[in-house]
Each structure stands twice: as structure tokens, then as C-alpha cells.
Amino acid sequence: MTASPWDLRKVLDELKQDPQQYHETDVQVDPDAELAGVYRYIGAGGTVERPTQEGPAMMFNNVVGFPTTRVLIGLMASRKRVGKMFHQDYHTLGRFLNKAVLNPVQPVTVEESAAPAHEVVAKASDPDFDIRKLVAAPTNTPQDAGPYITCGVVLGSNMAKTMTDVTIHRMVLEDKDTLGIYIMPGGRHIGHFAEEYEKANKPMPVTINIGLDPAITIGATFEPPTTPLGYDELGVAGAIRQEPVQLVQAVTVDEKAIARSEFTLEGYIMPNTRIQEDINTHTGKAMPEFPGYDGDANPALQVIKVTAVTHRRDHPIMQSVIGPSEEHVSMAGIPTEASILQLVDRAIPGKVKNVYNPPAGGGKLMTIMQIHKDNPADEGIQRQAALLAFSAFKELKTVWLVDDDVDIFDMNDVVWTMNTRFQGDQDIMVLPGMRNHPLDPSERPQYDPKSIRVRGMSSKTVIDGTVPFDMRDQFKRAAFKKVSDWQKYLK
């Protein structure tokens, strides 16, 4: 018997076997701020306002205004859960994804009959078409500019149809057939394609795919230089599953859709057209972003005109993410770890044992690097590794260097190095006047007029918590007896 293809429902069927990782409820919930507010306490984690915690993924079956739609949140809001869903040790997910990038399995196109994403089709030409009634997009907070699609994979191609890309963007529902989409300048290939269409004054066809196998969602977040222009990140998901992602021709636009998605929005990025992000609320805010603060509403978002919404027939699943939750850490951080490992393995092989982008940095702003020194000539190689990471990833702000006897996934162990293997006048490197992520609110000229000339500049910091090689004998941790069967004492 042939195994069913990977999709969100197959992943959930596996996850349901572990009640610590999955919970669903029939208690009614309002998608307007309440749903995210509830999950904040149950499982958001990350840089979300306290109190919060790491908890199960949540399926809400009774959503106000959407009687046939379920809303899933927090699927990837736990590194251990991601490891479970990928059938991998969560400690080595960075290396696992690095291998997937280097050995992609390209997507395939299937017939319409094999695409459950098209079981129900609503077109913009229908008289009662309204994406706000069809798509159960929640708001994270009462200040949000509107309902947001936060976990939608945008699929588009260049004008010649020789290159295709998938990326994730924040998209706000503005009107019955209108989305505002924030495409951060530089680096995103969808943005590169959109610029090409805009110069030709032509609308760019896209599909927005929601409710996916997390292999697709996480794989889609890889960026240059790891996945250069022309690299289709759907190949990463194919490598993770050792099975190609299935695509299908869209219903109303000349583009492909992901055949096993729960929801798909089809439409066009309109050329030379912009919209105020908070045009309906005038709050001045967009939504909470990964550093833990509300993003400012953009005065000129690009516009998507939606031509159709398709979805599965049997209680389709709207998938959502809380901006600053640990889910963002999994989506952005694990691919960044893979990318850093790929870079340092080429430049200084064998010296960086592992990399972790922790929730404290939202998956993007901070990296912990586990360093191995073999001989006196390796002294200083740890700082070279930090510079390599900064050179490739402009959004990285802080690098923490530790020895290979330190558990990089335990922040107590990491911070311990700052208290016992660190001197502030010797072991801090500060690199002022560099580019970083514009969502960091400390990167404003009024915060530091000397080094921050324009918003988005930052000083970058290296905290070197590694032991000097010639003093290593003085920093051996207390050696306890190894007991292999210690768990029997808990029975």
C-alpha cells in the first residue's frame, strides 16, 4: 500500500498521539485578539509578553464567524516538536536542514483531481465574495491594523517563468478582495520578481498557500546567500520528506499552488499601487513582530488583488502564528542555524560543532556558537567564526561563543560562561555602525547618534565565553560519575 503524501493533516495525525504536543478545544473563541490572547498563556513562548510558556500546538474548532473553519496555532512553537515532526533529534536540526538545502528534491505538478486544495472554489466574480468572511485570519492584539495572514507561503515566478520562489510575509486583509503585503526591501526573491513586473507595469500572479506541512513552511524561510536567486526552496521541503512537494495549476491566475494546502488565495501583486497598512483602524500599529514589540503600520504596502479563495471541503484549517512567539524562532532561527553551519564548515571546518538561534533573539538577532579548539593555533578562530556569521547575515546582532562542554540549548549554561569564563574588558568585541534588522526599536539615531546615522543601523556584539586554549586545564568542570541507568530510580 502506497503511503499518503505529506501534508498538514498527516503531520497532525502523528502529533495527536502525544497529548503533550497537541490539544484541541471546542470552546468558542473570537479570532479578533482573543484567540492569540488565549494561546499567549498556553504555548506561545518566545519574546511574547510574560506570562507565557512553551506548550502544545492548539486547534480551535469553534471560531466566531467561521462555523466550518478550524484555526491552528503554535504548530512550530517548540523546537522539540519540530524535531518530532521531522523525525530528527532537535539538537541537530540545523545540520539536518543544511543537508536538505544541499540535496534538494524538486516539486512536481499533479492533476487537478489529486489536489485537495481545490475541493471548494470561491471566485472574486461571485457576487458575495469577501475574503474577510472566507478566511479566518486572526488579529494578534486589539491594536493590530487588521486581520493578518501570518503563516501564508507566497509562491511566485519571474516574468519569463524560469525562476520560482516561496517566501512568508505579513499580509493584512484590507477589503473584500484586497490584501496589503509587506515585502522587506532586499534579499527576498519574491520582491525581486515583483520589481520586474512593476517596471513593466504588469500585475504579478501569485498564490498564497496556508495550512501546510511544516517542512514547507520552515524550508520557505531560507534566504540568500544560502539559497541564491533561482533556488526554489520547495526543494528543501522535498529533501526533508524525501518526497517532492506537489503543485497544481491555479484556478484563476497563471501560477502554481501547493496542491495539499488547506487554503489558497490566488491573485496579483498590483504594479505601482500602494495602500496604508492601518487604513481601517488608524492605530499606527501593524502587528507584534518577532523582537516582542508592535511593528509600526507601513504607510505604503504593496497590494494584492485576490481573484479566488480555494480550500479543502472537510473543515479546512486556517494556520496562524503569533509574531513574537517561539514559532517564529523555529521558522526563522533553524534555517539560519543551517546557513551559518554551511558557511563556517566551508571556511573553518571542524571548529564550530553546533549553532543555536535562541528565543531571546527571536531566531534572527542572536546566535550561540559551540566552538572546538584542537591546539594553540586555534585560539582566535572562535572570533573569526563570529565575523563569518555577521558577514553573511546582516540581521544578526549578537554572537555568543562557548566551548564544546557547554549546552548551547540551556541558557543557564550559556550565561554561566559569562560569569566564569569571561572578562568584560577582554572578551567583548563591539562592531559599531553596521546594518541590522529594522524591527529592532533600539536602532534609531536618537538612541545612539554617534553610530546610528539612520534607522536600521546597529552595533554588533561578540561575547567570547570560550576558555583560552593554554588555560584549558584550569577550567575543567567538576566530573560526576557516569550512571547509565539513572532513570530506574524514578520508577
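The rules behind these values
- Residues numbered from 1 in each chain as written.
- Predicted model: local features only at pLDDT ≥ 70, side-chain atom pairs only at ≥ 80, totals over all residues.
- Heavy atoms only, no water.
- Core = buried A, V, L, I, M, F, W, Y, C linked by side-chain atoms within 4.5 Å.
- Buried < 20%, exposed > 50% of the residue type's maximum accessible area, 1.4 Å probe, protein only.
- Contact = heavy atoms within 4.5 Å.
- Helix = DSSP H or I, 4+ residues; strand = E, 2+ residues; numbered from the N terminus.
- Arc of directions from axis to C-beta.
- Polar contact = N/O pair within 3.5 Å; in protein donor to acceptor, adjacent residues only side chain to side chain.
- UniProt positions renumbered as here; feature names shortened; annotations may be inferred.
- Domains from an automatic or database assignment.
- Buried area = accessible area lost by both parts, 1.4 Å probe.
- Salt bridge = Lys/Arg side-chain N within 4 Å of Asp/Glu carboxyl O.
- Pairing = 2+ DSSP bridges.
- Phe/Tyr/Trp six-rings, centres within 6.5 Å; stacked < 30°, edge-to-face > 60°.

Novice: Help me understand the nonpolar core in this model?
Specialist: The nonpolar side chains of soluble globular proteins are, as a tendency, buried together. L75, F86 and L97 are the most contacted members of the largest nonpolar core, which totals 44 residues. Apart from residues lying up to four places away in sequence, L75 is in contact with L8, L12, L15, A57, R81, M85, P214, Q319 and E327.

Novice: Looking at this model, I keep getting lost on helix 11 (residues 411–420). Mind explaining?
Specialist: Side chains that are three or four residues apart share a direction in an α-helix, a result of its 3.6 residues per turn. Every buried residue of helix 11 is accounted for by D413, V414 and T417. The arc that holds the buried residues of helix 11, viewed along the axis, is 105°, so those residues lie on one side. Away from the buried face of helix 11 by more than 90 degrees, exposed residues N412 and N419 are located. Measuring from the side-chain oxygen of the N-cap residue of helix 11 to the backbone nitrogen of N412 gives 3.0 Å; that N-cap residue is D410.

Novice: Would you explain the UniProt feature "domain: 3-octaprenyl-4-hydroxybenzoate carboxy-lyase-like N-terminal" (unreviewed entry) in the protein in this entry?
Specialist: Sequence positions flagged by UniProt for "domain: 3-octaprenyl-4-hydroxybenzoate carboxy-lyase-like N-terminal" (unreviewed entry) are, in local numbering, residues 17–97. Here residues 17–97 runs as 30% helix and 15% strand, with 25 Å between its end C-alpha atoms.

Novice: Got a minute to help me understand the UniProt feature "domain: 3-octaprenyl-4-hydroxybenzoate carboxy-lyase-like C-terminal" (unreviewed entry) in the protein in this structure?
Specialist: Annotation from UniProt places "domain: 3-octaprenyl-4-hydroxybenzoate carboxy-lyase-like C-terminal" (unreviewed entry) at residues 331–464. Taken as a whole, residues 331–464 contains 29% helix and 25% strand, while its terminal C-alpha atoms sit 27 Å from one another.

Novice: What's the story with the domain arrangement of the protein in this structure? I'm lost.
Specialist: Put simply, an interface is often sized by how much accessible area is lost when its parts join up. With domains assigned, the protein is organised as domain 1 (6–326) and domain 2 (347–470). For the pair domain 1 and domain 2, the summed buried surface comes to about 1500 Å²; carbon and sulfur atoms form 62% of the total. On the surface where domain 1 and domain 2 come into contact, there are two salt bridges. Where R455 meets D296, a salt bridge forms, and the shortest distance between an N and an O atom there is 3.6 Å. Taken together, the links from domain 1 to domain 2 amount to four residue pairs in polar contact (both at pLDDT 80 or more).

Novice: Would you mind going over the pairing of strand 9 (residues 171–175) with me for this structure?
Specialist: The side chains of a regular strand alternate, first on one face of the sheet and then on the other. With four of five residues buried, strand 9 is to be regarded as a mostly interior element. Pairing between strand 6 (residues 148–149) and strand 9: two bridges, direction antiparallel. Within the sheet, the bridge partner assigned to Y148 lies in strand 9 and is V172. A loop of two residues connects strand 9 with strand 10 (residues 178–181), the two strands running antiparallel in sequence.

Novice: Which parts of the structure should I look at to understand the sheet that holds strand 4 (residues 108–109)?
Specialist: In sheet architecture, strand pairing relies on hydrogen bonds along the backbone and comes in two forms, parallel and antiparallel. With respect to topology, three strands assemble into an open sheet ordered 4-12-13, the strand pairing being mixed. Edge strands, defined here as strands with exactly one partner in the open sheet, are strand 4 and strand 13 (256–258). One ladder, built from three bridges, connects strand 12 (residues 246–249) with strand 13; its direction is antiparallel. Bridge pairing in strand 13 places Q249 opposite K256.

Novice: Would you explain the packing of aromatic side chains in this entry?
Specialist: Two aromatic rings are characterised by how far apart their centres lie and by the angle between their planes. Summed over all chains, the structure comprises three aromatic pairs. Judged by centre distance (6.3 Å) and plane angle (50°), the rings of F86 and F96 are tilted. Taken as a pair, F86 in helix 3 (residues 79–86) and F96 in helix 4 (residues 93–102) lie far apart in primary sequence, ten residues in all. Ring centres of Y90 and F409 lie 6.1 Å apart, and the angle between their planes is 75°; this geometry places the pair in the edge-to-face category. Of this pair, Y90 sits in the loop between helix 3 and helix 4 while F409 sits in the loop between strand 21 (398–403) and helix 11; the two residues are 319 residues apart in sequence, bridging distant segments of the chain.

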